[in-house]
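Here are the chains, one letter per residue:
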Amino acid sequence: MEKRTHHCGELRPTDAGAKVRLVGWIDSVRDHGGVLFVDLRDREGLTQVVVHPGERSIDEALAHFKPESVLEVEGEVVLREESTINPRMVTGEVEVAARRVELLNQSRTPPFPLEEGKAEKVGEDLRLRYRYLDLRRRRNFEALRLRHRTAQAVRRALDAEGFLEVETPVLFKSTPEGAREFLVPSRLNPGDCYALVQSPQQYKQMLMVAGVERYFQLARCFRDEDLRADRQPEFTQIDLEMSFIDREDLYGLIERLMAAVWREVEGTELSLPFPRLSYAEVMNRYGSDKPDRRFGMELVGLDDLFAESAFKVFAGALASGGTVKAVNAQGLADLTQGELKHLEETAKSLGAKGLAYIKVENGEWRSPILKFLSAGERAGLEERLALKEGDVAFFAAGDWEGSCTILGRIRLEAATLLEKRGQLHRDPRDWRFLWVVDFPLMLFDAEEGRYLAAHHPFTAPVEEDLELLDREPQAVRGQHYDLVLNGVELGGGSIRIHRADLQKKVFEEVLGLDPQVVEDRFGYLLEAFSYGAPPHGGIALGFDRLVALLADRASLRDVVAFPKTQKGQDLMAAAPGSVTERQLRDLYLQAVEA
RNA sequence: GGGGUAGUAGCUCAGUUGGUUAGAGCGCCGGCCUGUCACGCCGGAGGCCGCGGGUUCGAGUCCCGUCUAUCCCGCCA
């Protein structure tokens, strides 16, 4: 094989007459009996190779070459005749007249078509099994390239801000609370296990104690939880930590980082700073802690309107300390029975007893709950929800968080239905960044009967709430922040606790962890804090999610080179797989019945 | 652990009320074709109807179970 002179997306009319050598894959063969065409493809593009009847040895060979075979072509660049120019190809004004071709490797017939438009419809399991073929497709390769460019932009921007890229161990130890972990048995320490890091949280705090001051890493993280379209068992975070900062410093840094990435990768200027909303406000207005603010349809609070209501479902919810809210899906009164049923089931799956609604059709209100509403209540609803012809409003009544969440989901489902009707559009290139702040530090877990850290136990309380820590832990706000973009939680972080006494108090007194467990799991961390830990804080952003948004792809699998299925399998390599008895014995493990 | 959707030719799909020989397009194989770029034309091969059980004279079709993929709930400090 000789070296190529050009790649397949490169030749232009100004190259006419040049002797060139191309290498690539056969994208398609069009054999006309006399003249024969081959589209040769490499990662940069497509070039048409033409073989004229005079070159009999070549066309006889080529006619039998199969698509996806690897080919080397030598020939001359010629201008195409006016009528044969292909305006849809960037190389469409020229072609390479072959003088010599060499088959570098014959391909079997691919198990699925690789052409755009056909490949998308092929079952994903088949495409994952032959991932190396699916990645040959332009669209998928470009996702990998976009990921690379994003990573480079992140590195450049953070380097310019004075950050050091430091690699931290993947083999860590098991930590109480948090995600389920992948365990790795230790051969040298019989019976003991490593755990793969859920995130480098503790290591990066140690780097702050070590005086690194500004650390970042494109960190691989592992969580043995059930998968979703936006969750892979191994994933990548833009993980960073800074010393001597407050929340404002962090917000500014991340805003500059996002602006740099968008400038380089998207070619757009983001408007800074990003808006900030409290957790309470986004829940009240959008029913989600990661709201999509590309459209309105905000939730409306109705507590005062129904406090004295004769409608027991609403009045009862309020009497027991809950809330009544509604959302007006403007223009959706024409929803079908099936769509309505689907919405009801969505609400029920989130804990609702049902889904009350009011439709406005032909100037009339239609609703199963109409008969329970007083004239005053109807007037109040009409005004607050701005109900007009063609609208449908949905209601939720019950505990505050649950009701907000239910309507938040209804809001998103309604948006999808309106989008189908062409009445609403969520532009994937309409970038609505948002900081969500003022999260509660603790949440009470009714099942376990104790408080759990809302984010993680290293989050520092807001200074002025410190005194509430003993009396009213649920009222303490954490110095935690989430970065949200178009309904996707890009990541979160916090200012950390850096004093050993406060950290110990949170572990033992507030979270109620056993002192021995605290010593075993976090002893080294508390010890480190006693040697002059600087005030510090940081954030971790989901790199895969970031790339998926930039690439406008629905699933993380589309922006990961070799993704895992919902059962955590790599269908191409067939991982995980069984191991031998001998391997288990070396690790002091024994298989038990499943 | 739970709910939804899908599984018929290599791929994408159709398959009526349960009815005897399961179809189409693309791909594949063979032939023809000197300007195509989704080339075209002619011919051909190709099926464990996901798997297991049941109902029935008869099952791709109905019932039960199961497997796989996917979306969601739980879970994801």
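This structure is a prediction, so every number in the text was calculated from the model and none was measured.

(A) Just the side chain of Gln-479, in detail. Along the chain, Gln-479 turns up in the loop between α13 (468-471) and β21 (480-485). Note on Gln-479: relative accessible area 13%, which makes it buried. Not counting residues up to four positions away in its chain, the partners in contact with Gln-479 are Arg-247, Thr-459, Ala-460, Pro-461, Val-462, Glu-463, Gly-493, Ser-494 and Ile-495.

(B) Region of interest: unusual backbone geometry. Omega for the bond connecting Leu-272 with Pro-273 falls within 30 degrees of zero, at -10°, which places this linkage in the cis form. Along the chain, Pro-273 falls in the loop between α6 (247-266) and β12 (276-278). Positive phi is not limited to glycine here, since Asp-552 has a value of about 55°. Its place among the elements puts Asp-552 in the loop between α16 (543-551) and α17 (581-586).

(C) Representation of a negative patch on the surface. Negative charge collects at one region of the surface, where Asp-514, Glu-519, Asp-520 and Glu-527 lie side by side. When you line up the elements, Asp-520 lands in helix α15 (residues 515-529).

(D) Broad picture of the side chain of Thr-47. The topology assignment puts Thr-47 in strand β3 (residues 45-51). In this structure Thr-47 comes out as buried when scored by relative accessible area, which is 0%. Reaching out from Thr-47, the side chain makes a polar contact with the backbone oxygen of Cys-8 at a distance of 2.6 Å.

(E) Structural detail: the confidence of the model for chain A. Residue-level pLDDT values for chain A average 92, and 98% of them are 70 or greater. Both scores are available for the predicted complex, with the pTM at 0.94 and the ipTM at 0.92.

(F) Seen up close, the nonpolar core. Ranked by size, the top nonpolar core spans 70 residues in total, and within it Leu-240, Leu-250, Ile-254, Met-258, Trp-262, Phe-433 and Trp-435 carry the most contacts. Considering each element in turn, this core owes the most residues, 10 residues, to α6. Setting aside residues no more than four positions away along its own chain, Met-258 makes contact with Leu-270, Phe-274, Phe-433, Leu-483, Leu-541 and Leu-546. Leu-332, Tyr-357, Val-392 and Ala-414 belong to the second-largest nonpolar core, a separate cluster that totals 24 residues.

(G) Fine view of the environment of Phe-458. As for its position among the elements, Phe-458 is in the loop between β20 (450-453) and α13. Residue Phe-458 is classed as buried on the basis of its relative accessible area of 5%. Linking Phe-458 and His-498, residues 40 residues apart in sequence, is a C-alpha distance of 8.4 Å. In this structure Phe-458 touches Gln-201, Gln-202, Gln-205, Ile-495, Arg-496, Ile-497, Gln-503, Phe-507, Phe-522 and Leu-525, once residues within four positions along its chain are discounted.

(H) A nonpolar patch on the surface, seen in detail. The grouping of Tyr-132, Phe-562 and Met-572 at the surface amounts to a nonpolar patch, some 290 Å² of accessible area in total. Note that Phe-562 resides in the loop between α16 and α17.

(I) Main features of the protein's contact with RNA strand B. For RNA strand B, the set of nearby residues contains 50 residues, the closest of which are Asp-31, Thr-84, Gly-178, Glu-225 and His-455. What you see for RNA strand B is that sugar and phosphate hold 53% of its atoms within 4 Å of the protein. Between Ala-453 and RNA strand B, the recorded distance is 3.0 Å, taken from a backbone N or O atom to a sugar or linking oxygen. Those elements giving two or more residues to the surface near RNA strand B turn out to be β1 (19-31), β2 (36-42) and α2 (124-129). By residue number, the principal contributor to the surface near RNA strand B is α2, which donates 3 residues. In terms of residue class, the surface near RNA strand B is made up of 13 nonpolar, 18 polar and 19 charged.

(J) Expanded view of the packing of helix α10 (residues 337-349) against helix α12 (residues 400-420). As a packed pair, α10 and α12 sit with axes 9 Å apart at the nearest point and diverge in direction by 155°. One finds that α10 runs roughly antiparallel with respect to α12. By crossing handedness, the relation of α10 to α12 is classed as right-handed. Contacts between α10 and α12 pair Glu-339, His-342, Leu-343, Thr-346 and Ala-347 from the former with Ile-406, Arg-409, Ile-410, Glu-413 and Leu-417 from the latter.

(K) Summary view of helix α9 (residues 312-319). Along α9, the residues classified as buried are Phe-314, Ala-315, Ala-317 and Leu-318. Buried positions in α9, seen along its axis, are confined to an arc of 160° and lie on one side of it. Relative to its buried face, α9 has exposed residues pointing more than 90 degrees away, namely Lys-312, Val-313 and Ala-319. Looking at the buried positions of α9, the neighbouring elements they touch are α8 (303-306), β14 (323-329) and β17 (392-398). Downstream of α9 by one or two residues, Gly-321 has phi in the positive range, about 85°.

(L) Structural context of the sheet that holds β21. Strands sit in the order β6-β10-β11-β23-β22-β21-β18-β12 across an open sheet of 8 strands; the sheet is mixed. At either end of the open sheet lies a strand with only one pairing partner, and these are β6 (164-165) and β12. Relative to strand β11 (residues 234-243), strand β10 (residues 214-222) is paired through 9 bridges, and the arrangement is antiparallel. Of the residues in β11, the one forming a bridge with Tyr-215 is Glu-241.

(M) Quick peek at helix α11 (residues 375-384). Of the residues making up α11, those classed as buried are Glu-377, Gly-380 and Leu-381. In an axial view of α11, the angular spread of the buried residues amounts to 100°, which keeps them on one side of the axis. Exposed and oriented more than 90 degrees from the buried face of α11 are Ala-375 and Glu-383. In this structure, the buried side of α11 is in contact with α8, β15 (356-361), β16 (364-366) and β17. Positive phi shows up at Ala-386, right after α11, with a value of about 50°.

(N) Region of the structure containing the sheet that holds strand β13 (residues 299-301). An order of β13-β14-β17-β15-β16 is seen for the 5 strands of this open sheet, with the pairing classed as antiparallel. With partners counted over all chains shown, the strands left at the sheet margins are β13 and β16, one partner each. Taking the axes of each pair of neighbouring strands and ignoring which way they run, one obtains an average angle of 25° across the sheet. Summarising the sheet, β15 and β16 pair through 3 bridges and their orientation is antiparallel. Bridged to Val-360 within β16 is Trp-365. Helix-sheet contacts for α11 involve β13, β15, β16 and β17, and the interaxial angle to β16 is about 100°. Along the sheet face, α12 touches β13, β14 and β17 and points at about 160° away from the line of β17.

(O) Broad picture of the environment of Gln-106. Looking at the element boundaries, Gln-106 is found in the loop between β5 (94-105) and α2. Taking the C-alpha atoms as reference, Gln-106 lies 44 Å from Arg-585; in sequence the two are 479 residues apart. Excluding its chain neighbours within four sequence positions, the residues that come into contact with Gln-106 are His-64, Phe-65, Lys-66 and Ser-69. Among the polar contacts made by the side chain of Gln-106, one reaches the main-chain amide nitrogen of Lys-66 at a distance of 3.3 Å. A distance of 2.8 Å separates polar atoms of two side chains, one belonging to Gln-106 and the other to Ser-69.

The rules behind each value
Residues numbered from 1 in each chain as written. Chains lettered and ligands numbered in written order. Predicted model: local features only at pLDDT ≥ 70, side-chain atom pairs only at ≥ 80, totals over all residues. Heavy atoms only, no water. Helix = DSSP H or I, 4+ residues; strand = E, 2+ residues; numbered from the N terminus. Buried < 20%, exposed > 50% of the residue type's maximum accessible area, 1.4 Å probe, protein only. Contact = heavy atoms within 4.5 Å. Patch = residues over 30% accessible without salt bridge, like charges linked within 9 Å, V, L, I, M, F, W, Y side chains within 5 Å. Areas by Shrake-Rupley, 256 points an atom, 1.4 Å probe, with all protein chains shown as cover. Salt bridge = Lys/Arg side-chain N within 4 Å of Asp/Glu carboxyl O. Lys, Arg positive; Asp, Glu negative; His and termini not counted. Charge placed at Lys NZ, Arg CZ, Asp CG, Glu CD. Polar contact = N/O pair within 3.5 Å; in protein donor to acceptor, adjacent residues only side chain to side chain. pLDDT = per-residue confidence, 0-100. Core = buried A, V, L, I, M, F, W, Y, C linked by side-chain atoms within 4.5 Å. Near = heavy atom within 4 Å. Nonpolar A, V, L, I, M, F, W, Y, C, P; charged D, E, K, R; others polar. Axes fitted to C-alpha atoms, helices over the stretch in contact; angles between N-to-C directions. Parallel < 35°, antiparallel > 145°, perpendicular 65-115°, else oblique. Left-handed = near helix turned anticlockwise from the far one by under 90°. Arc of directions from axis to C-beta. Pairing = 2+ DSSP bridges.

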